[in-house]
Number of protein chains: 4
Amino acid sequence: MPDASWPVLAPLLQAATAGRDLLDDTLRRLGPDAVTAALLAEIGEVEHDVRLDLHFDGVTTSHLRTGADLVVSLDLADAVRTLYGTERRWPSLAVSTPSAGLDEGGVGAWFRARRDYPAAVEAVLTALRPPQEDLGALAVRFGSDKWGDLHWYTQHYERHFARLRTEPVRVLEIGIGGYDDPDSGGASLRMWQRYFRRGLVHGLDITAKPGVTGPRITTVQGDQSDAAFLDALGTRLGPFDVVIDDGSHLNDHVRTSFHALFPHVRAGGLYVVEDLQTAYWPSWGGAPDGGAGTSIGMLKSFVDGLNLAEVAGPRVNGGYVQRNISGISFHHNIAFVEKGLNAEEGGPEFLRTLC
Amino acid sequence: MPDASWPVLAPLLQAATAGRDLLDDTLRRLGPDAVTAALLAEIGEVEHDVRLDLHFDGVTTSHLRTGADLVVSLDLADAVRTLYGTERRWPSLAVSTPSAGLDEGGVGAWFRARRDYPAAVEAVLTALRPPQEDLGALAVRFGSDKWGDLHWYTQHYERHFARLRTEPVRVLEIGIGGYDDPDSGGASLRMWQRYFRRGLVHGLDITAKPGVTGPRITTVQGDQSDAAFLDALGTRLGPFDVVIDDGSHLNDHVRTSFHALFPHVRAGGLYVVEDLQTAYWPSWGGAPDGGAGTSIGMLKSFVDGLNLAEVAGPRVNGGYVQRNISGISFHHNIAFVEKGLNAEEGGPEFLRTLC
Amino acid sequence: MPDASWPVLAPLLQAATAGRDLLDDTLRRLGPDAVTAALLAEIGEVEHDVRLDLHFDGVTTSHLRTGADLVVSLDLADAVRTLYGTERRWPSLAVSTPSAGLDEGGVGAWFRARRDYPAAVEAVLTALRPPQEDLGALAVRFGSDKWGDLHWYTQHYERHFARLRTEPVRVLEIGIGGYDDPDSGGASLRMWQRYFRRGLVHGLDITAKPGVTGPRITTVQGDQSDAAFLDALGTRLGPFDVVIDDGSHLNDHVRTSFHALFPHVRAGGLYVVEDLQTAYWPSWGGAPDGGAGTSIGMLKSFVDGLNLAEVAGPRVNGGYVQRNISGISFHHNIAFVEKGLNAEEGGPEFLRTLC
Amino acid sequence: MPDASWPVLAPLLQAATAGRDLLDDTLRRLGPDAVTAALLAEIGEVEHDVRLDLHFDGVTTSHLRTGADLVVSLDLADAVRTLYGTERRWPSLAVSTPSAGLDEGGVGAWFRARRDYPAAVEAVLTALRPPQEDLGALAVRFGSDKWGDLHWYTQHYERHFARLRTEPVRVLEIGIGGYDDPDSGGASLRMWQRYFRRGLVHGLDITAKPGVTGPRITTVQGDQSDAAFLDALGTRLGPFDVVIDDGSHLNDHVRTSFHALFPHVRAGGLYVVEDLQTAYWPSWGGAPDGGAGTSIGMLKSFVDGLNLAEVAGPRVNGGYVQRNISGISFHHNIAFVEKGLNAEEGGPEFLRTLC
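Residues numbered from 1 in each chain as written. Chains lettered and ligands numbered in written order. Predicted model: local features only at pLDDT ≥ 70, side-chain atom pairs only at ≥ 80, totals over all residues. Heavy atoms only, no water.

1. Topic: the sheet that holds strand β3 (residues 71-75) of chain D
All names here are of chain D.
Consideration 1: Taken in spatial order, the four strands make up an open sheet running β2-β1-β3-β4, and their pairing is mixed. With one partner strand each, in any of the chains shown, β2 (59-64) and β4 (94-96) form the two edges of the open sheet. On average, each strand axis in the sheet is tilted by 25° relative to the strand beside it, whichever way the strands run.
Consideration 2: Across the face of the sheet, helix α3 (residues 32-43) comes into contact with β1 (51-56) and β2 while running at roughly 145° to β1. (Pairing = 2+ DSSP bridges. Helix = DSSP H or I, 4+ residues; strand = E, 2+ residues; numbered from the N terminus. Axes fitted to C-alpha atoms, helices over the stretch in contact; angles between N-to-C directions. Contact = heavy atoms within 4.5 Å.)

And the structure:
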């Protein structure tokens, strides 16, 4: 479940791309200390002898190596805007270095004493303005099987998630990895946490995963075939911008989870189903023709659902799912279902027999 | 068929985003006069008393109202880079105005004499650096039925075509509009010509359309149910980056055209099928379940084809279509088939019975 | 002075790029009716028979032609995000048309009845998602002399303002135009109001301009050579992201205004001075060498101020201006002064005599 | 001097963002083997057991570890477009792995055998589609003193160079670093080589630097105070898109180099002068007021030059420099001079005495 930091994190992530006045109001409301704590948790360890001074409303607080002579200083709001927002510059940035004995020792001594400064300052600033890495590289770094274990999925994720990458998304992934080991798994959650810099990332697994933790990451234990549980989960943690089903891959589980969780996806969001190959394998509940009852069969029926106005009648509304899927994209073993109003009217009856 | 301007246009469109040296070489090879003619055809009429001076290799030529006192002057290459490329600036731009009697008549007379200059200069520059308009607005301007006649397709086109918009695409659309009137139709071709500023736009219709013309637009008369004809057409005019089937919408025509033309789509390109509602209507050759033999049934079978490695065997290659579709997206009554290698391997056999 | 709409507008503009939750909270706090009123003022007149339905928290309200059969409907938050934010899609969009007698009259009658629908829907949607027009085109449309009267400034503005264009800026321009006519002028204010879709645009003029009005535009009467007045103005309406001095162009006015208003520019913002040619003209208070006492002389002294650490001493802080200018850009007759901390330390003394 | 690879590299870099047809023509003309050699030199060493297969015109060639079982294969043109162009996708990408004994050994053995595959494939693909790193991070990696030695310049470079980053620029930097050691220095050249992925990077130094080498990097020995030499250099290696003077920082050298090399900067390009603090230091040839005869004095005179039409007369053309500087930007100790036509006309004489 979300830990104590989330009541600060959630509104902070929302405000990071707002106008500066609204951001300042939010920082004031949440308290600069709580915001700074969230920000330092995000940065993590910096392996250099450098101090970070943050200013807010006329008060300056020191962080990281507070005894260091090398100081990076900037406004708290400027830091939040590059860390969680899309801003690239810090108009308030200043670097200060020791002035004692500035001229003693001559050129060589002066430069030697400062040898580590560039890397130290860069380390702090890079942590506050992290580069946008490719998802494949992140998958390799964290060991996610979304790249190369059986599949090379990240290329598809990058395309479909690109427009969401800088949004304060709520992500739910079913399947944390690591089987029944409570301390194992979480590779994909960590990948998403890095990919979505403003994202709150929830993992659901049949096994409790107390050992899988991290900033903006939380895990829930539960059964993806239990519709009532999923519905309650969605009510508590949603709406989600992204749901990814990388759970059991049993066909009836996939169908149950979709119907329970799709109502908890936000309009404009995506519901993703991985490992659709099991749709064709009987021992997983599939069928060689990928027909009715399989996961891929369900998705193909949604294709027909998109065209319901022409199948059922020009002004007939379908059910919830038909009315709220605006698009479906298929690639090898993976599908992206887009939530959005499918309300385009069908034409008049006479068109049906015009030919 | 492409007219006399295409041997100049095609390489010019290719070079507009190349490095400046390669662009200059291309202009030299094509001849600045021929390039200028293409550029002036693109600009069309300018309703202001203004001259356009273009420089290339030390030679300046005057265009538009050659007797005008108000002169916009710039390098030919700079003009090509904003018109057909993605550049936004003209470092060579100069505007000159009459200097005779600069001080006579005083303030009022001076400003009155120049009243039309801003609009005149802006008209030339806007023509050379046309704004990227929304596809919906272009559809309304040209009267394309892709927006609002029966469908609101342009939102889907904008998403899927965005990455191609600034590329030198070859587009083929089946169905020019205007029924059997040789001078009517072409609204969508004109829309695409504006949307794809670097695109060569071909229209195919069962009726000859000699009256449908325009820069970068050409029309071909032919039958979309004649596979051999389409194959020859693709060899002559392709490969295409985009094919759009907005033809008869008869189900067997749609299937025939797809199989004949898909091999002529370039890797990374898109094959689009509109008006898929007819897939459900028997009098158009459809079936209420959108099953085998219908256009939508064909497309749903491609979804299974994406997963062929898991259906047929981990190292089994499918046919041409299965092996060259990397993705399919469905929206209401429209589908986008993406050409690309579908070569991901399936996992080992034992996975199939692991559950 | 800002009118009654600004207490709603200002926070709304701030929230339009925030996360969806924070935007929804803001809409709830401001009241959907007040927000809708602001949004309708922005849209202005739509010359088509079309109704706009907006949903918020389960309540739908109808606007524009409330009796029309053609209805565009979407969530209020979706509308705000495209109008004032950077979002391009409306996942909640639906268009509905009359269903009565759908089949009567046959094909011809059906299409004829709907002839105006595409343009009508497009008009509403374009108003809610206005295209980003070139500043030159906006200058011509509104008659601003920033393009082509004496100068072709807009190219420079476009470069320097690009990163601010989608921000909720506060703009102050000195000089409204129209001389002593209270109803004349405002061309540039209208241009900025369109350019900065989220901007609050203030005009200051020595003449009261009650006739210059518009959404997000306000005017103030006052004297740009009165430092105390400007300081009070900055306190009341600032901080500004952009100040533009297009006032009297008298050299001492330019200097006085700069020193009074620069403290009211936000870090990261820009102070722009137009028509610097008067710096060289004695009758305007200038001098042919553009030296001390002239506006350009002041700006050139800021260039030296940037390097104060090396002129005065490696750890010497300059005055407010030296310490808060991070960059200056000059073009023909115009300069852009960038507010930002100029706190880079100078090197040790021994460097000064190393050669 | 440019080595044997440049006759291939230069046109290849030019063509990487051209249309696909022109790129293919260029590859054919240069020869796929020569192109592949350039590409492999760029990639460098890959520390994984992986083979790279490249296809062109129906011929496939194998590279990297040619005996490896793990194979990444793609079209040569696709590889060029991501390496040197702005494309992000490879529609021709396929990964193949050993199929022998696919089922033997069971789940554990199968996954163990493939453990290194994700990192290996990612390494090849990242090399072919390198991330855009911040200039500060690159400076630290290569040890350039443009970040943190005395100055924090990279933030300014990033802003002014952003629009050139993906262009096939020619860069000339005066001052290679490493004093009189022929094998030392080159940190900034390496930084630029990474920053400008399509750039040809030339370093000029008073000391010959045979030990400073790398793909797309070349060095020249020569004296920056020798105008005739610089002019000849510009004729042979230019025009340059970027010239950076980080040489001796002696004021007369700076002035001489500028006047000799500025004519060899391409319109739209930038001439940068670093370490302007020496302008204020007499022992470096400066003066405390940064006046005439100093480097900063020269640059301030260009500010007046921008306004020459108003100083000298409305239709008077200045000299080459006045006529070809379109803008100058100053920051702490650094200036960016922009090449471009400064041809805006001054207004009529009567304006000068209107006040």
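Read on, since the account is not over.
2. Concerning the relation of the copies chain A and chain B
Consideration 1: Aligned on chain B, chain A shows an RMSD of 0.0 Å; the corresponding rotation is 180° and the shift along the axis is 0.0 Å. The superposition of one copy onto the other is thereby described by a two-fold rotation axis. It is A:Ser329 whose C-alpha, among those of chain A, lies nearest the rotation axis, at 2.1 Å.
Consideration 2: The fraction of interface residues of chain A whose copies in chain B are also interface residues reaches 100%, indicating that both copies meet through the same surface. (Least-squares fit on C-alpha atoms with pLDDT ≥ 70 in both.)

3. Describing the pattern of salt bridges
Consideration 1: Under the counting rule described, the total for this entry stands at 96 salt bridges over all chains.
Consideration 2: One salt bridge connects A:Asp24 with A:Arg20, and the closest N-O pair in it is separated by 3.2 Å. Of this pair, A:Asp24 and A:Arg20 both sit in helix α2 (residues 20-30), four residues apart, which is roughly one turn of that helix.
Consideration 3: For A:Asp24, a relative accessible area of 15% puts it in the buried group.
Consideration 4: Here D:Glu338 and B:Arg89 are joined by a salt bridge, their closest N and O atoms 3.6 Å apart. Of this pair, D:Glu338 sits in strand β11 (residues 334-339) while B:Arg89 sits in the loop between α4 (76-83) and β4 (94-96), placing the two residues on different chains.
Consideration 5: Residue D:Glu338 is classed as buried on the basis of its relative accessible area, which comes to 9%.
Consideration 6: Taking relative accessible area as the criterion, B:Arg89 reaches 29% and is therefore assigned partly exposed.
Consideration 7: A cluster of three or more residues bridged by salt bridges with shared partners is formed by A:Arg20, A:Asp24, A:Asp75 and A:Asp78. (Salt bridge = Lys/Arg side-chain N within 4 Å of Asp/Glu carboxyl O. Buried < 20%, exposed > 50% of the residue type's maximum accessible area, 1.4 Å probe, protein only.)

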